[in-house]
Amino acid sequence: MEQVSSASPLSRRELLRLIGTAAGGSAMYQAMSAMGYAADSPYRGPIDLSGAPKGVSVLVLGAGVAGMTAAYELRNAGYDVKVLEYNGRAGGRNWSLRGGDSYTELGGYTQQCGFDKDLYINPGPWRIPYHHRGILSYAKRLNVPLEAFVQVNYNAYLHSSQAFGGKPQRYRAVKADYQGHVAELLAKASRQDGLDSKVTQEDQEKLLESLRHWGALDKNYAYISSDATSARRGFEKNPGGGLSARPIPSKPMGLADLLDSKLWQGISNGDELDMQTALFQPVGGMGRIGEAFGRELAPLIRYHAKVTEIHQDDHGVTVSYEDTQAPGSKLSARADWCVCTIPLSILSQIPMNVGTPMATAIGAVPYAAAVKVGLQFKRRFWEEDDHIYGGITYTDLPITNIGYPSTGYHSSGKGVLLGAYIWGLNAMEFTAMTPAERVQKALDYGSQIHAQYKPEFDNGVAVAWHRSPFTMGCFGMWSDATRAQHYDDLCRIDSRIALAGEHASFIGGWQEGGVTSALDAIGRLHEKVVAQGAKA
Amino acid sequence: MRRPAAIVQHVALAAALTVGAVSVVSAVDANYLPPEALATADGAAIYAHICQGCHMPEAQGAAGAGHYPKLSGDPKLVAWEYAAVTVLGGRNGMPGFGLPPNPGAAGPFGAVHLSDEQVAAVVNYVRGHFGNKYKPTVTASQVAKLPHPGTEPGLD
């Protein structure tokens, strides 16, 4: 890798393409973006539902982010709103597991969260991009204070069990070295007469100058061990004061080692629109938004309600449900209209008389596996020993991520890490374990990155989303083909029933998908109601 | 609603840790099947590492807001084709495992691929365990004749 093919000269277009390829995101990251389209939220401010006829009722199914967005706006517009919720709390996947909480997953496994008071993990969403203006606006209207979520931390690790003897590397070193080596290569290519006439002399000078700047190259366009490169990748010995002041520069990793390590896959993790600074989290846990919604809508919500059938007729919608605290009970609720936010994994099992297109769409969306593990340690060693404040370490181990808390910095006492955040096959495997085994695995694997894991471990909790009784999966996975075939059918109102949720959005797996799909659905529902006038 | 008896697990692992003393995770991990080992996993391993996440260790299924079918004594298993088509293409929220192998496209959320031989193996395993008494007669070539997702127009 020390030479660029010099056989044929590069054209300007080829050069630019080469830059694009070299700087491009990893396969993993491209797959990550498949979770949602990297597009701006369509949220355009509070919805206008004025002119609702008096006395029109809407039954909302599900008190998650989508359901409560719908209920909140419809109630404010003057509709008579009721909400049925399976859980005994509001929020759905907007949820924080805190010290003292108990969680029973499918299979009957119950975990008592042994975290200290005020410590938590967010089993579901944990970050809000600044451009998810819908969910942010509800946080604001509900007076939920936010703080910064650190996505990229230059001092966190990129780790491969197969490279550098399994020793984790600092993000800043990987990034600086990758950039430096690539810049050096390009500079070499452009200087050794490698560029054809389409690149003018002036362009070449600009390019070289930019490469030196971007890669921290020396005057000969070389990426070497120096104060300048160490100012990016970190010093062997940091500059200080007094007699011991003199810094010792560090030695960059070799390009071949770096490429072999595949650690470059982690460089672009903060480049995607969804991960760009600034991101936010509610102070005290993501669940604060669901809790605030729940307080606001308390008089409307019926908890412990397991929907068993949804039946519409010419005049309204009747929903049968069971009070899960009174097994076998048969209750029902009726309204003129229904907004159903039940995840498709569950809705596909509930009898509902909608047309074939919507029914087929409901059954066409498989749900993603995902697992999170929260680990409480006796002290915040990642801050005290490793100087990592927030951010994420990425690893090729099955735990995939270690997330450091973006809150409570420098506090003494115990701390909680996100010890694993897993997708795909790894998540299926972790789901198949007991919660205790998942915690143990997260501990075993994580100790390869932080040796303090074993001595400092206190207790842990693990949430596997396919074992969640209220979602049976993490989020709906659309493919291009299933979207083309079924998405519109899913979103179109079927007589008196409108569906909403992240599954009815192009921002799948994000709360913003739930918010914007709810607003879109109730906007169309409202138009329909107004068009029908009082005879609804 | 009938729930399985709650198995209370206080996940305070301090005791387990000192006993277990697992220092380094070895390449061979009885409790974890790395992706590269998936290709050679047999029916029992596939069930234990994938299926039981939802269908549970004794194939007893589970019920919450919805349910996962109980495969133990499931009368639908009389038709092996039903089981194989479900494994291949998924059903409702259940992901299918018969998509063509394409690791690049799959990504971290993506499809997990089982070969026709493995689909036959896990179908035979489930139909021959958990109180089910069917003979393990399903073969890869039989599975190969069933519809596979991603190979027909309109399916994916």
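Sequence order sets the numbering: in each chain, residues are counted from 1 along the sequence as written. The naming scheme follows written order: chains are lettered A onward, ligands numbered 1 onward. The model is predicted, so local features are restricted to residues of pLDDT at least 70 and side-chain atom pairs to those at 80 or more, both for listing and for counting; the totals for chains, interfaces and linings are taken over all residues.

Describe the overall build of chain A, listing the residues and the values that go with them.
Put simply, DSSP H or I for four residues or longer makes a helix, DSSP E for two residues or longer makes a strand, and each gets a number counted from the N terminus. On a plain count of helices and strands, chain A comes out with 17 helices and 22 strands. The C-alpha radius of gyration of chain A comes to 27 Å, within 12% of the 24 Å expected for a compact globule of 536 residues. Seen through its C-alpha atoms, chain A measures out along the principal axes to roughly 80 × 60 × 40 Å. Residues with at least 20 neighbouring C-beta atoms inside 10 Å of their own are called buried, those with 12 or fewer are called exposed, and the rest are partly exposed, where every C-beta is derived from the backbone. Counting over 536 residues, chain A shows a buried share of 52%. Placing a C-beta atom from the backbone of each residue, one calls two residues in contact when those atoms lie within 7 Å. Within chain A, contacts between residues at least 6 apart in sequence are counted, and of these 72% link residues at least 24 apart. We compute the radius of gyration from the C-alpha atoms alone; for a globule the expected value is 2.2 Å times N to the 0.38, where N is the number of residues.

Could you give me a rundown of the overall build of chain B, with the residues and numbers involved?
Of regular secondary structure, chain B possesses seven helices and three strands. Going residue by residue from the N terminus, the α and β elements of chain B occur as β-α-α-α-β-β-α-α-α-α. Residues counted as buried form 37% of the 156 residues belonging to chain B. A fraction of 54% describes how many contacts in chain B between residues 6 or more apart in sequence connect residues 24 or more apart.

Give me the lowdown on the sheet that holds strand 11 (residues 279-282) of chain A, citing residues and values where you can.
Read from one edge of the open sheet, three strands run 7-11-8 (chain A), paired in antiparallel fashion. Each edge of the open sheet carries a strand with a single partner, namely strand 7 (128-129) and strand 8 (146-149) of chain A. Any two strands between which DSSP finds at least two bridges are classified as paired.

How would you summarise the nonpolar core if you had to cite specific residues and measurements?
Soluble globular proteins tend to bury their nonpolar side chains together. All names here are of chain A. The term nonpolar core means buried Ala, Val, Leu, Ile, Met, Phe, Trp, Tyr and Cys residues held together as one set by C-beta atoms within 7 Å. Judged by nonpolar contacts, the single largest core of 181 residues is most densely connected at Cys338 and Val339. Element by element, the count of residues in this core is highest for helix 5 (residues 171-191), at 11 residues. Excluding its chain neighbours within four sequence positions, the residues that come into contact with valine 339 are Val58, Val60, Ala70, Ala498, Ala500, Ala521, Ile522 and Leu525.

Give a detailed account of unusual backbone geometry, specifying residues and quantitative values.
In terms of backbone geometry, most residues other than glycine have negative phi values and most peptide bonds are trans. Residues and elements named next belong to chain A. Here the bond from threonine 277 into alanine 278 is cis, since omega is 5°, no more than 30 degrees from zero. Relative to the assigned elements, alanine 278 resides in the loop between helix 8 (255-261) and strand 11. Even without a glycine there, the phi angle at alanine 216 is positive, about 55°. Within the secondary structure layout, alanine 216 lies in the loop between helix 6 (201-215) and helix 7 (227-233). Its 22 C-beta neighbours within 10 Å are what place alanine 216 among the buried residues.

Talk me through the confidence of the model for chain B; I want residue IDs and the actual numbers.
All names here are of chain B. Every residue gets a pLDDT, meaning the predictor's confidence in that residue, from 0 to 100. Looking at chain B, the pLDDT average stands at 78 and 71% of residues meet or exceed 70. Here residues 1-28 scores under 50 on pLDDT; set against residues more than four positions off or in separate chains, the count is 49 contacts. Note on residues 152-156: pLDDT is under 50 here. Beyond four places in sequence and across chains, it has nine contacts. In the model output, the complex is listed with pTM 0.89 alongside ipTM 0.88.

Talk me through the confidence of the model for chain A; I want residue IDs and the actual numbers.
Residue and element names in this part refer to chain A. With 91% of its residues at a pLDDT of at least 70, chain A reaches an overall mean of 92. Note that pLDDT drops below 50 for residues 1-9; the model gives that stretch 11 contacts with residues more than four away or on any other chain. Below a pLDDT of 50 lies the segment residues 19-38, which in the model reaches 39 contacts outside its immediate sequence neighbourhood of four places, other chains included.

Report on the sheet that holds strand 2 (residues 80-84) of chain A, specifying residues and quantitative values.
In a beta sheet, neighbouring strands pair by backbone hydrogen bonds and run either parallel or antiparallel. All names here are of chain A. The strand order across the open sheet built from five strands is 12-2-1-16-22, with neighbouring strands paired in parallel fashion. For this open sheet the edge positions go to strand 12 (301-302) and strand 22 (497-499), each flanked by a neighbour on one side alone. When strand 16 (residues 337-340) meets strand 22, the two strands line up parallel, connected through three bridges. Looking at the pairing, valine 339 lines up with alanine 498 of strand 22. Together, strand 16 and strand 22 form the strand contacts of helix 17 (residues 511-532), whose direction differs from that of strand 16 by roughly 170°. To get an axis, a line is fitted to the C-alpha atoms, and for a helix only the part in contact is used. The angle between two axes follows their N-to-C directions and goes from 0 to 180 degrees.

A description of helix 4 (residues 80-89) of chain B should follow, citing residues and the corresponding values.
Residues and elements named next belong to chain B. Judged by how many residues are buried, helix 4 sits mostly within the fold: seven of 10 residues are covered. Listing the buried residues of helix 4 in full gives Trp80, Ala83, Ala84, Val85, Val87, Leu88 and Gly89. Of the surrounding elements, those touching the buried residues of helix 4 are helix 6 (116-128) and helix 7 (140-144). The first or second residue beyond helix 4 is glycine 90, which carries a positive phi of 75°.

Tell me about the environment of glutamine 162 of chain A, and please be specific about residues and values.
All names here are of chain A. Along the chain, the position of glutamine 162 falls in the loop between strand 9 (157-159) and strand 10 (169-170). A residue is classified by how many C-beta atoms lie within 10 Å of it, and glutamine 162, with 10 of them, is exposed. Sequence spacing of glutamine 162 and isoleucine 399 is 237 residues, and the spatial spacing of their C-alpha atoms is 15 Å.

Tell me what's going on with the packing of helix 3 (residues 43-55) of chain B against helix 6 of chain B, and back it up with residues and numbers.
Residues and elements named next belong to chain B. Between helix 3 and helix 6, the least distance of the axes is 8 Å, while the angle of their chain directions is 85°. The angle between helix 3 and helix 6 places the two elements in the roughly perpendicular class. Contact with helix 3, carried on its side by Gly43, Ala44, Ile46, Tyr47 and Cys51, involves Gln118, Ala121, Val122, Asn124, Tyr125 and Val126 of helix 6 and no other residues of that element. Relative orientations are named as follows: roughly parallel for angles under 35 degrees, roughly antiparallel for angles over 145 degrees, roughly perpendicular for angles from 65 to 115 degrees, and oblique for any other angle.

Now, about helix 9 (residues 287-296) of chain A: what can you tell me, with residues and values included?
All names here are of chain A. Summarising burial for helix 9: eight of the 10 residues are buried, a large majority. Buried within helix 9 are the following residues: Gly287, Arg288, Ile289, Gly290, Glu291, Ala292, Phe293 and Gly294. In this fold, the buried residues of helix 9 make contact with helix 3 (65-76), helix 4 (133-141), strand 11 and strand 12.

Help me get a handle on the packing of helix 5 of chain A against helix 6 of chain A, residues and values and all.
In a pair of packed helices, the angle between the axes and the distance between the axes together describe the arrangement. Residue and element names in this part refer to chain A. Put simply, helix 5 and helix 6 touch, their axes get as near as 8 Å, and they point 160° apart. What the angle tells us is that helix 5 and helix 6 run roughly antiparallel. Here helix 5 and helix 6 pass one another in a crossing that is left-handed. Between helix 5 and helix 6, the residues in contact are Gln179, Gly180, Val182, Ala183, Glu184, Leu186, Ala187 and Ser190 and Gln204, Leu207, Leu208, Leu211, Trp214 and Gly215, respectively. Residues are grouped as follows: Ala, Val, Leu, Ile, Met, Phe, Trp, Tyr, Cys and Pro are nonpolar; Asp, Glu, Lys and Arg are charged; every other residue, Gly included, is polar. Per-class residue counts for the contact of helix 5 with helix 6 are eight nonpolar, five polar and one charged. Two helices cross in a left-handed way if the nearer one is turned anticlockwise from the farther one by less than a right angle. They cross in a right-handed way if the turn is clockwise.

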